[in-house]
Amino acid sequence: MIEALHLSKRYGERLAVDDLSFEVLPGRVTGFLGPNGAGKSTTMRMIVGLDAPSGGSVTVCGQPYTQHGSPLSTVGALLDARAVHGGRSAYDHLLSLAHTHGLRRRRVQEVLELVGLAEVSRRPVRGFSLGMSQRLGIAVALLGDPEVLLFDEPVNGLDPEGIVWIRGLMRELAAQGRTVLVSSHLMSEMEHTADDLVVIGKGRLISSCTVDEFIERNCRTEVRVTTPEPARLVALLEEHGGTVRSEPDGSLVVGGLDAVRVGDLAFDGSVRIHQLVSVQASLEAAFMELTRSSVEYQASPSVGAPEAEVRS
Amino acid sequence: MRPDAAAALEARATTLTFGGVLRSEWTKIRSLRSTVWTLVATVVLTIGTSALLAWAVSAHLEPSFLADVDPVRDSMSGLMFGQLTVAVIGAMAITSEYSTGTIRTTLTVVPRRVTVLTAKLTVLACVVLVCGLLCSFVSFFIGQSFFANATVTDRDGAADTVTHLDLHVALTDPGVLRAVVGGGLYLAAGGLLALALGALLRNTAAAISTAIGLLFVVPLLANFLPSAWEANVVKWLPTNAGSAIWSLRPTTGDNPMLGPWTGYGVFVAYVLTALLAAAVLLRRRDT
């Protein structure tokens, strides 16, 4: 369990984290989402006491992280996979961390096997690919068999097999009753892994809810309809409270009415219909829309960007 | 996830201890080939230059120099070079953690930061002390073999007169054992100064150059001070104060030195001040 209360972090003039309050529950995978520069990594560093909050507080299992008697078995964190001395072997890196809490060599071997690095564990880390470094970072996080796990962008650099593996691992860790907080700047990453979402932008909380609630609140269902008589259909639908806009391909997108209603109205008005589909805006699109105003570095719209992408 | 439930339970029952952090820091230092090689380089450099300089001094004495000969200090002068590589080891013991980012892993696993610094300095001090004692004892014995048959050349007359003198001292002579052991103590304190600078500056190049500046360059610059200041200022400089512990005679050239333990105490006081500042900043700063 992680609880943040009015957490803030100021770097000079810039507020990296601004009055952030949220809860991360045990037994669930919580996706920590936000565009690049939203303050996710800063928040995670504050959770483990690497950065001191400028205001507010954050506790892990009821007390500040730094006051736990056995930090390694309280929180396992993967913050930066590349943060390993290149001249050291994976085994020695893990062993040096295991020693701090009196863990046995057997535990080091166990986590190495678990992440699939046992065979290369005696080689200097500088020869590792980014994917292998991620696996080593995950081994570090799992070393103390912790109650809470923090993963900062864990899929970076992993191959598809590795991505499937880490998704499974996170689900399994949560199923064992642990608290799992995973940051990402990609909603698609979280869609099938997370139970809960904490969405932030420019350091502020945008949304904290379950994935289902998020979809319900933010992903409107629309109806796409194709007809040879658009003018008549638009008039008919608008008369019954629908909002209609035309797509470049000639189809109409209807909001405010469901597919059944659209079909019935067309039938009653004797308008011919060639296609009628119910479309749910993707989670990704909802996330983009929600965080649009808080994206730190935004590219200007490219020439000829389809207007239809902007749903408002 | 848990092939062995007992092992997992065992993992949960553990706590963070100072002894554990000591073992961790020892593992870190011994698992880097670069540290091991730098230690070897220290031993080779110190003993090599000590032997060379001891030979040069003992083979080229003149009657007027005899009063200045210190058979202990003059057989271990390589320590002045050895302290350079020791400064590299000391500074990199912590700056390599900053440059690679390992420090964030370290301070996450051990959030009690002063504990990390204390463990680091303890392990470093022990490693450098052992290495330093090896250097000073071997240098001492090689040097004594040269001083046992020192060559004194009197260039006063028309022709040089060459005499051979036995100037060597034994470990059992007054102050000798203290001075030889002092060579190791000197290097250990120098290594800690570099560690403190590394923790303060968090950058390898900055820490090493500052350490070498303080230990090596400042004493050289002090030679250019007006002579009226020299006697009062020079003896308090870190290197000069510290080297009193590995000297038999209480002077360097024309300048008086502090007493052996007073001088070493002053050196250690510099080191402790730097370490204290490092501890305060380590606690306060974000990582």
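Residues numbered from 1 in each chain as written. Chains lettered and ligands numbered in written order. Predicted model: local features only at pLDDT ≥ 70, side-chain atom pairs only at ≥ 80, totals over all residues. Heavy atoms only, no water.

Participant: Any chance you could explain the overall build of chain A here in plain terms?
Facilitator: Helix and strand counts for chain A stand at 11 helices and 13 strands. For chain A, the spread of C-alpha atoms along the principal axes amounts to about 80 × 45 × 40 Å. Counting across all 312 residues of chain A, residues that qualify as buried make up 51%. A separation threshold of at least 6 residues defines the contact pool for chain A, and within that pool the share at least 24 residues apart is 70%. (Helix = DSSP H or I, 4+ residues; strand = E, 2+ residues; numbered from the N terminus. Buried < 20%, exposed > 50% of the residue type's maximum accessible area, 1.4 Å probe, protein only. Contact = heavy atoms within 4.5 Å.)

Participant: I'm lost on the domain arrangement of chain A in this one. Help?
Facilitator: Frequently, the measure chosen for interface size is the accessible area removed from exposure when the parts meet. Examined at the domain level, chain A breaks down into domain 1 (2-217) and domain 2 (220-280). Taking the mean C-alpha position of each, domain 1 of chain A and domain 2 of chain A sit 46 Å from one another. (Domains from an automatic or database assignment.)

Participant: Explain the sheet that holds strand E2 (residues 14-24) of chain A here, please?
Facilitator: By way of backbone hydrogen bonds, the strands of a sheet pair with one another, either parallel or antiparallel. Residues and elements named next belong to chain A. Spatially, 3 strands are ordered E2-E1-E4 in an open sheet, and the strand pairing comes out antiparallel. The open sheet has two edge strands with one neighbour each: E2 and strand E4 (55-60). Averaged over all neighbouring strand pairs, the angle between strand axes comes to 20°, with direction disregarded. Bridge count for strand E1 (residues 2-11) against E2 is 7 bridges, and the pairing is antiparallel. Among the inter-strand pairings, Arg-10 is bridged to a residue of E2, identified as Leu-15. Contacts from helix H1 (residues 40-47) reach E1, E2 and E4, with the element oriented near 115° to E1. (Pairing = 2+ DSSP bridges. Axes fitted to C-alpha atoms, helices over the stretch in contact; angles between N-to-C directions.)

Participant: In this structure, what is going on with the packing of helix H6 (residues 113-147) of chain B against helix H11 (residues 260-284) of chain B? I would like to understand it.
Facilitator: When two helices pack together, you describe them by how their axes are tilted relative to each other and by the distance separating the axes. All names here are of chain B. Where H6 contacts H11, the two axes come as close as 9 Å, and the packing angle between them is 145°. Crossing geometry of H6 relative to H11 is assigned as right-handed. In contact with Arg-113, Val-114, Leu-117 and Leu-121 of H6, H11 contributes Leu-275, Ala-278, Ala-279, Leu-282 and Arg-283. Classifying every residue of the contact of H6 with H11 by side-chain character gives 7 nonpolar, no polar and 2 charged. (Left-handed = near helix turned anticlockwise from the far one by under 90°. Nonpolar A, V, L, I, M, F, W, Y, C, P; charged D, E, K, R; others polar.)

Participant: I'm lost on the sheet that holds strand E13 (residues 275-280) of chain A in this one. Help?
Facilitator: All names here are of chain A. Taken together, the 4 strands give an open sheet; going across it, the order is E11-E12-E10-E13, and neighbouring strands pair in antiparallel fashion. Unpaired on one side and paired on the other, strand E11 (243-246) and E13 mark the two borders of the sheet. Averaged over neighbouring strand pairs, the angle between their axes works out to 25° when direction is ignored. Here strand E10 (residues 221-226) runs beside E13; their pairing, made up of 6 bridges, is antiparallel. Note on E13: the bridge partner recorded for Thr-221 is Gln-280.

Participant: Teacher, can you tell me more about the pattern of salt bridges here?
Facilitator: A side chain with one charge may pair with a side chain of the opposite charge, provided their charged atoms come close. Residue and element names in this part refer to chain A. Scanning all chains against the criterion turns up 24 salt bridges over all chains. With a shortest N-O distance of 2.7 Å, Asp-196 and Arg-28 are connected by a salt bridge. Taken together, the positions of Asp-196 in strand E8 (residues 196-201) and Arg-28 in the loop between E2 and strand E3 (29-33) put the pair 168 residues apart, joining distant regions of the chain. Residue Arg-178 pairs with Asp-145 through a salt bridge whose shortest N-O separation is 2.9 Å. Of this pair, Arg-178 sits in the loop between helix H6 (160-175) and strand E7 (179-184) while Asp-145 sits in the loop between helix H5 (130-142) and strand E6 (148-152), placing them 33 residues apart in sequence. By relative accessible area, Arg-178 is classed as buried at 2%. A relative accessible area of 0% means that Asp-145 is categorised as buried. (Salt bridge = Lys/Arg side-chain N within 4 Å of Asp/Glu carboxyl O.)

Participant: Would you mind going over the packing of helix H3 (residues 90-100) of chain A against H5(A) with me for this structure?
Facilitator: All names here are of chain A. Where H3 contacts H5, the axes come no closer than 10 Å and their chain directions differ by 20°. Put simply, H3 runs roughly parallel to H5. Where H3 crosses over H5, the two elements pack in a sense that is right-handed. Taken together, the residues of H5 that come into contact with H3 (itself represented by Ala-90, His-93, Leu-94 and Leu-97) are Leu-136, Ala-139 and Val-140. For the contact of H3 with H5, the class distribution of residues is 6 nonpolar, 1 polar and no charged. (Parallel < 35°, antiparallel > 145°, perpendicular 65-115°, else oblique.)

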